[in-house]
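Per-entry structural report
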Amino acid sequence: MKITRRTVLSAAICLGLGFGIASSAYADKALVLGFSQVGAESEWRTANTASIKDAAKEAGVTLKFADAQQKQENQVKAIRSFIAQKVDVIAFSPVVESGWDTVLGEAKAAKIPVILTDRAVDSKDKSLYVTFIGSDFVEEGRRAGRWLLERAKTMPAGDINIVELQGTVGSAPAIDRKAGFAEIIAANPHLKIIRSQSGDFTRAKGKEVMEAFLKTDGKKINVLYAHNDDMAIGAIQAIEEAGLKPGKDILVISVDGVKGAFEAMMAGKLNVTVECSPLLGPQLMKVAKEVAAGETVPKRITTEEGVFPAEIAAKEFPNRKY
Ligand code: GYE
């Protein structure tokens, strides 16, 4: 074959194109994300897992997904295995706030960036992770408190006794939702938390702990504040089984805004839910790609959310995505 200027040129174009295609396909394939999920404890968590899996597929990210079944030791194991597999980015939703420094130090030493999603860690060394994507749980607690503060104005004079179902002990949402709520209700000395215990964010535990509350304090309880919808839904069952009317005899306040909560509001059994969005997948994939490309990302990415009282539940229900 006679080599002309033209063949050299077209060969060069082909090669260039070839490289172009190959390198962009490579770039997409190259992003391997190890994700350690808390578990499958709630409707919120199920929606969060689906959001992450769907978004990974959509973004062409190879996702290595591990379910920790609400145990920190399983998350530590998963993170170590991601390091051993040399994934490009590690993301995880830490079940509890404390005790991450060692394993995050190992990821840092291996030069694998870590993204926190949903829940925070209390590590002093902020260089152990690149960013934290998720809700402001203290603000969610405040929003729940503000609703009650307003509602209390229409309630009979005297003490208003509150029982609280906390989330998983030591978890960021349990610590922060408790703090935000307490901060706001302190403005009215009649608002009194008479019992507060963990229901581990599950329906079964929420029901069980509410049963215990009802046994000792039944008639005295005016309000239930649950740190998530699942515990509220479990507790609603306990209230009904005790012959009381949830939403009326005992006001019920919760957090998340899952479909189950909207159904309970439409049935008149739940008074308000403070929104906490689990749809973090698309944002996580975007940030993971940016981090892998060496871009600087904000240290804190906060999710935008609202409050849904029972009065607007039926209107909002068709718009709910989780
Ligand atoms: O509110 C609860 C889930 O971390 C925000 O975890 C999340 C919480 C959510 O089990 O339902």
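Throughout, a residue's number is its position along its own chain's written sequence, starting from 1. In keeping with the model being predicted, local features are shown solely for residues with a pLDDT of at least 70 and side-chain atom pairs are shown and tallied solely at 80 or more, while totals for entire chains, interfaces and linings include all residues. Hydrogens and water molecules were not included; the side-chain quantities draw on all heavy atoms of the structure.

Concerning the overall build of the protein chain
Only DSSP runs of H or I covering at least 4 residues are called helices, and only runs of E covering at least 2 are called strands; the numbering of each starts at the N terminus. The helix and strand inventory of the protein chain stands at 11 helices and 12 strands. Overall, the C-alpha framework of the protein chain stretches about 100 × 45 × 30 Å when taken along its three principal axes. Residue exposure (1.4 Å probe, protein chains only): buried if accessible area is under 20% of the type maximum, exposed if over 50%, otherwise partly exposed. When burial is assessed residue by residue, the protein chain has 51% of its 322 residues classed as buried. Any two residues whose heavy atoms approach within 4.5 Å at even a single point are treated as in contact. Taking as baseline every contact in the protein chain between residues at least 6 positions apart, the subset at least 24 positions apart corresponds to 74%.

Observations regarding the pairing of strand 10 (residues 272-275)
Neither face of strand 10 is exposed, since Val272 and Val274 on one face and Thr273 and Glu275 on the opposite face are all buried. When DSSP finds two or more bridges between a pair of strands, those strands are recorded as paired. Sheet topology note: the strand 9 (residues 251-256)/strand 10 ladder contains 4 bridges and is parallel. Counterpart to isoleucine 253 in the pairing with strand 10 is valine 272. With the strands aimed away from the viewer, a crossover counts as right-handed if its path from the first strand over the helix to the second runs clockwise. With respect to chirality, the unit in which strand 9 leads through helix 9 (residues 259-266) into the neighbouring parallel strand 10 is right-handed. Looking at chain direction, strand 10 and strand 12 (residues 307-309) are connected through 3 bridges and run antiparallel. Pairing of valine 274 across the sheet is with valine 307, part of strand 12.

Some points on empty space enclosed by the protein
A 1.4 Å probe that fits but cannot get out identifies a cavity on a 1 Å grid over protein atoms alone, an open set with protein on both sides within 12 Å along at least five of seven lines counts as a pocket, and a residue lines either if it has an atom within 4 Å of a point. Grid points are joined across faces, edges and corners, and a volume is the space filled by probe spheres set on the points. For the structure on display, the rule yields 1 cavity of 30 Å³ or more. The wall of the largest cavity is formed by 13 residues, among which Trp44, Arg45, Arg119, Arg177 and Asp256 lie closest to the centre. Going through the elements one at a time, helix 2 (43-59) and helix 6 (172-185) are the ones with two or more residues in the lining of the largest cavity. Partitioning the lining of the largest cavity into residue classes produces 5 nonpolar, 2 polar and 6 charged. When residues of the lining of the largest cavity are sorted by domain, at least three fall in each of domain 1 (5-134 + 278-303) and domain 2 (137-276). Residues are grouped as follows: Ala, Val, Leu, Ile, Met, Phe, Trp, Tyr, Cys and Pro are nonpolar; Asp, Glu, Lys and Arg are charged; all remaining types, including Gly, are polar. Each domain's extent was defined by an automatic or database domain assignment.

Details of the nonpolar core
For this analysis, a nonpolar core means a set of buried residues of the types Ala, Val, Leu, Ile, Met, Phe, Trp, Tyr and Cys, connected via side-chain atoms within 4.5 Å. In terms of nonpolar packing, the biggest core is built from 48 residues, with Leu148, Ile162, Leu165, Met210, Leu224, Ile253 and Leu270 touching the most fellow members. For this core, the element with the most residues is helix 8 (residues 229-241), which contributes 6 residues. Sequence-distant contacts of methionine 210, defined by excluding residues within four places in its chain, comprise Val163, Leu165, Ile221, Leu224, Ala235, Ala238, Ile239 and Ile250. Among the nonpolar cores identified, the runner-up in size contains 21 residues, and Ala78, Phe82, Trp100 and Tyr129 belong to it.

Thoughts on the site of the ligand
We call a residue near a molecule or strand when any one of its heavy atoms sits within 4 Å of it. Close to the ligand lie 13 residues, the nearest being Glu41, Asp118, Arg119, Asn228 and Asp256. Here glutamate 41 contributes a side-chain N or O atom positioned 2.5 Å from an oxygen atom of the ligand. Under this definition, polar contacts are N or O atom pairs within 3.5 Å; protein pairs additionally need one hydrogen-donor-capable and one acceptor-capable atom, and for neighbouring residues in sequence, both atoms have to be side-chain atoms. One nitrogen or oxygen atom from the side chain of asparagine 228 is found 2.8 Å from an oxygen atom belonging to the ligand. Along the lines of polarity and charge, the residues of the shell around the ligand split into 5 nonpolar, 2 polar and 6 charged. Domain assignment of the residues forming the shell around the ligand places at least three in each of domain 1 (5-134 + 278-303) and domain 2 (137-276).

Topic: the packing of aromatic side chains
By convention here, two paired aromatic rings are described through the distance between centres and the angle between planes. Aromatic rings from Phe, Tyr and Trp, with only the six-membered ring used for Trp, were paired whenever their centres fell within 6.5 Å, and each pair was classed as stacked if the ring planes differed by under 30 degrees, edge-to-face if by over 60, and tilted otherwise. Tallied over the entire structure, the rule returns 4 aromatic pairs. Considering the side-chain rings of phenylalanine 35 and phenylalanine 65, the 6.0 Å spacing of their centres and the 20 degrees angle between planes classify their relative orientation as stacked. Placement of phenylalanine 35 in strand 1 (residues 32-37) and of phenylalanine 65 in strand 2 (residues 62-67) is noted, with a sequence separation of 30 residues between them. The exposure class assigned to phenylalanine 65 is partly exposed, which follows from its relative accessible area of 27%.

Quick word on the environment of glycine 141
Structurally, glycine 141 is set in helix 5 (residues 137-152). Residue classification places glycine 141 among the buried residues on the basis of a relative accessible area of 0%. As for glycine 141 and isoleucine 184, which are separated by 43 residues in sequence, their C-alpha atoms are 8.5 Å apart. Setting aside its immediate chain neighbours within four residues, glycine 141 contacts Arg177, Gly180, Phe181 and Tyr225.

Some details on the pairing of strand 2
Bridging between strand 1 and strand 2 involves 6 bridges; their strand directions are parallel. Within strand 2, the residue paired with valine 32 across the bridge is threonine 62. Once you follow strand 1 into helix 2 and on to strand 2, the crossover reads as right-handed.

Structural notes on the sheet that holds strand 10
Read across the open sheet, the 6 strands follow the order 7-6-8-9-10-12; overall the sheet is mixed. Across the chains shown, the open sheet's two edge strands, defined by having one partner strand only, are strand 7 (191-198) and strand 12. Each strand of the sheet is rotated relative to its neighbour by a mean of 15 degrees, with strand direction disregarded. Taken strand by strand, helix 7 (residues 203-217) contacts strand 6 (160-166), strand 7 and strand 8 (223-226), and its axis lies near 135 degrees from that of strand 7. Angles here are taken between N-to-C directions and fall from 0 to 180 degrees, while the axes themselves are lines fitted to C-alpha atoms, restricted in helices to the stretch in contact.

Some details on helix 10 (residues 281-292)
The end-to-end C-alpha distance of helix 10, which contains 12 residues, comes to 16 Å, matching closely the 16 Å that a straight helix rising 1.5 Å per residue would cover. Among the residues making up helix 10, those that are buried are Gly281, Leu284, Met285, Val287, Ala288, Glu290 and Val291. Take the number of residues in a helix, subtract one, and multiply by 1.5 Å to get its expected span.

Quick word on the confidence of the model for the protein chain
By definition, pLDDT measures how confident the predictor is in each residue, and it falls between 0 and 100. Mean pLDDT over the protein chain: 92, with 91% of residues reaching 70 or higher. Contacts of residues 1-28 to residues separated by more than four positions or lying in other chains number 5 contacts, the stretch itself having pLDDT below 50.

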